[in-house]
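Overview (structure and organization)
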Amino acid sequence: MENDIAIENLPTHVAIIMDGNGRWAKSRGEKRLLGHKAGALAVREITTYAREIGIKYLTLYAFSQQNFGRPADEVKGLMQLLVEYVKGEWNTIMDNGIRLTAIGDIEALPLVTRTALNSLIKASAKNSAMTLCLALAYGGREEITVAMQKLAKKVAAGELAPEKITKELISENLYTAAMPDPDLIIRTSGEMRISNFLLWQLAYSEFYITDTLWPDFHREEFLKALKAYAGRERRFGLTSAQISAENT
Ligand code: FPP
């Protein structure tokens, strides 16, 4: 498929709920972990493609807080897969000027995973072509709770007046402080739910849901999502006429 998408209509920030690895594996009579391994290949393909076409921020939901409750061998396998991912993708990330970041309760990850991740986060910190943000041990409610605790402590210490708590200040205290909110949120495998992902940040994001399972989500599918986004009118609570007037 040709990359004929108009650059001016590209979303700045795309977030993806990568779902369906387990079903992909099951349909082949394989173990769930094989689905995650295939999912890691899709991560590689979509990351390099996003960088190629000029997406500035790509956030991938790789492991939720709630995923710690999965069978121990699956959790262990995913944590190991992340270590292999960092080793295997190191050169691609550096050669493509990609900055790796992570959001979530990173301290809750096993030491070996955290160490590998932090080493590439540090090495790529000055890259600026695209930010790849992995959501790991992440939960939207947990993120908001932590931000509220930080602000409440400042109020209790007399350093912050309650009326100075604004939407902007809340955003600045989330894990995603340094990033714009996602313009487009994609979910694979047909599920119609938000699964505790970026609850604050997705307030005005455009949704794109596809039945395609994550390991089958290739660049053509991604381009389809970007084209659907390019055809949307974002209204941020205003009317269509108001938006048209603003653009003339
Ligand atoms: C959801 O599918 C997927 C996950 C919980 C893990 C996502 C992990 C990867 C895509 C691979 C590793 C990540 C990186 C960044 C290298 P599911 O297991 O819930 O699928 P199911 O709903 O079909 O069971």
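Before any of the text, the structure's been laid out above.
So, here's what we can say about the structure. All values reported here derive from a predicted model rather than from experimental measurement. (Residues numbered from 1 in each chain as written. Predicted model: local features only at pLDDT ≥ 70, side-chain atom pairs only at ≥ 80, totals over all residues. Heavy atoms only, no water.)

The next subject is the nonpolar core. Counting residues in each nonpolar core, the largest one holds 45 residues, and the members touching the most others are Val14, Ile16, Leu58, Leu132, Ile186 and Phe222. Considering each element in turn, this core owes the most residues, 9 residues, to helix H3 (residues 72–95). Setting aside anything within four residues of it in sequence, one finds Leu58 in contact with His13, Val14, Ile16, Ile46, Thr47, Ala50, Met130, Thr131, Leu132 and Cys133. Formed by 13 residues, the second largest nonpolar core is a distinct cluster that contains Tyr57, Tyr61, Ile103 and Leu198. (Core = buried A, V, L, I, M, F, W, Y, C linked by side-chain atoms within 4.5 Å. Buried < 20%, exposed > 50% of the residue type's maximum accessible area, 1.4 Å probe, protein only. Helix = DSSP H or I, 4+ residues; strand = E, 2+ residues; numbered from the N terminus. Contact = heavy atoms within 4.5 Å.)

What follows is about the packing of helix H2 (residues 32–53) against H3. Orientation of H2 relative to H3, taken along the N-to-C sense of each, is 30°, at an axis distance of 10 Å. Considering their axes alone, H2 and H3 lie roughly parallel with respect to each other. Two packed elements cross with a definite hand, and for H2 against H3 that hand is right-handed. For the pair H2 and H3, the contacting residues are Arg32, Leu33, His36, Lys37, Ala40, Val43, Arg44 and Thr48 in the first and Glu74, Gly77, Leu78, Leu81, Tyr85, Glu89 and Thr92 in the second. Of the residues contributing to the contact of H2 with H3, the split by class is 6 nonpolar, 4 polar and 5 charged. (Axes fitted to C-alpha atoms, helices over the stretch in contact; angles between N-to-C directions. Parallel < 35°, antiparallel > 145°, perpendicular 65-115°, else oblique. Left-handed = near helix turned anticlockwise from the far one by under 90°. Nonpolar A, V, L, I, M, F, W, Y, C, P; charged D, E, K, R; others polar.)

Right, let's get into the pattern of salt bridges. Taken as a whole and judged by the stated rule, the model has 13 salt bridges. For the salt bridge of Glu52 with Arg219, the shortest nitrogen-to-oxygen distance reads 3.1 Å. With Glu52 in helix H2 and Arg219 in helix H7 (residues 219–230), the pair connects residues that are 167 residues apart, well separated along the chain. On the basis of relative accessible area, Glu52 is assigned to the exposed category, the value being 52%. Residues Arg232 and Glu206 are paired through a salt bridge, measuring 2.9 Å at the closest nitrogen-oxygen approach. Note that Arg232 is positioned in the loop between H7 and helix H8 (240–246) and Glu206 in strand E6 (residues 206–209), a separation of 26 residues in sequence. Relative accessible area serves as the criterion here: at 31%, Arg232 is assigned to the partly exposed category. Overall, the relative accessible area of 15% leaves Glu206 in the buried class. Among the charged side chains, a salt-bridge network with shared partners connects Asp19, Arg23, Arg187, Glu191 and Arg193. (Salt bridge = Lys/Arg side-chain N within 4 Å of Asp/Glu carboxyl O.)

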